[in-house]
Amino acid sequence: MWHIDQKAVCVDDASGGGFGATNLEQGNVYTIFGIRKGCCEIELDVGIPNIDGRLGCMCCGATESTSIGWKRASRFRPLDPLEDQMERLEKEGEPIEEHQPEIA
Ligand SMILES: [Zn+2]
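Source: prediction; values computed, not measured.

Draft legend 1. The arrangement of the overall build of the protein in detail. Regarding its fold elements, the protein presents one helix and eight strands. Each helix (α) and strand (β) of the protein, taken in turn from the N terminus, gives the series β-β-β-β-β-β-β-β-α. The burial tally for the protein puts 17% of its 104 residues in the buried class. A fraction of 53% describes how many contacts in the protein between residues 6 or more apart in sequence connect residues 24 or more apart.

Take a look at the structure:
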């Protein structure tokens, strides 16, 4: 679903423990610089530094030292919904192009 250089729209800038949304703003478009599998879900590096130097996981409480402000992927949606749809179709092995039935 996510890939490097993809544009992502923030849909959840709520703050609160764990992978906080510091500096995120809902509706803003971010570029994805990095993707990783966090301990509980996919996390994105959208170019926001982690000022505290420490991150805590919201779901399990695990902490780590990092200068990257990893954000939970669920805080974003792809900017281009069509791209997302095409990727899903590719994964399912269905044709990407839509063929209109010919009218007799
Ligand atoms: Zn966790």
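Draft legend 2. Layout of the nonpolar core. Counting residues in hydrophobic clusters, the biggest one holds eight residues: A8, Y30, I32, L44, V46, L55, W70 and F76. Those residues in contact with I32, other than ones at most four positions away along the chain, are W2, I4, D5, Q6, A8, L44 and V46.

Draft legend 3. Fine view of the sheet that holds strand β3 (residues 34–37). Strand order in the open sheet formed by three strands is β3-β4-β7, with antiparallel pairing between adjacent strands. Two strands bound the open sheet, and with one partner strand each, they are β3 and β7 (71–72). Strand direction decides the pairing type here: strand β4 (residues 42–45) and β7, joined by two bridges, are antiparallel. Note on β7: the bridge partner recorded for E43 is R72.

Draft legend 4. The arrangement of the pairing of β3 in detail. The sheet contact formed by β3 and β4 spans four bridges and is antiparallel. Each residue of the ladder has a partner; that of G34, found in β4, is D45.

Draft legend 5. Examining the sheet that holds strand β1 (residues 7–10) more closely. Strands sit in the order β2-β1-β8 across an open sheet of three strands; the sheet is antiparallel. Of all the strands in the sheet, just β2 (29–31) and β8 (76–78) have a single pairing partner and so form its edges. Each strand of the sheet is rotated relative to its neighbour by a mean of 40°, with strand direction disregarded. The pairing of β1 with β8 spans three bridges and is classified as antiparallel. If you follow C10 over to β8, its bridge partner there is F76.

Draft legend 6. Spotlight on unusual backbone geometry. Even without being a glycine, D5 presents a positive backbone phi close to 75°. Tracing the chain through its elements places D5 in the segment before β1. On the basis of neighbour counts, which here come to 7 C-beta atoms within 10 Å, the residue D5 falls in the exposed class.

Draft legend 7. Structural context of the environment of R54. For R54, the location among the structural elements is in strand β5 (residues 54–56). Looking at R54, the number of C-beta atoms within 10 Å reads 11, which means it is exposed. Considered as a pair, R54 and S65 are eleven residues apart in the sequence and their alpha carbons are 4.4 Å apart. Other than its neighbours up to four places away in sequence, R54 contacts T63 and S65.

The rules behind these values
Residues numbered from 1 in each chain as written. Predicted model: local features only at pLDDT ≥ 70, side-chain atom pairs only at ≥ 80, totals over all residues. Helix = DSSP H or I, 4+ residues; strand = E, 2+ residues; numbered from the N terminus. Buried ≥ 20, exposed ≤ 12 C-beta atoms within 10 Å, placed from the backbone. Contact = placed C-beta atoms within 7 Å. Core = buried A, V, L, I, M, F, W, Y, C linked by C-beta atoms within 7 Å. Pairing = 2+ DSSP bridges. Axes fitted to C-alpha atoms, helices over the stretch in contact; angles between N-to-C directions.

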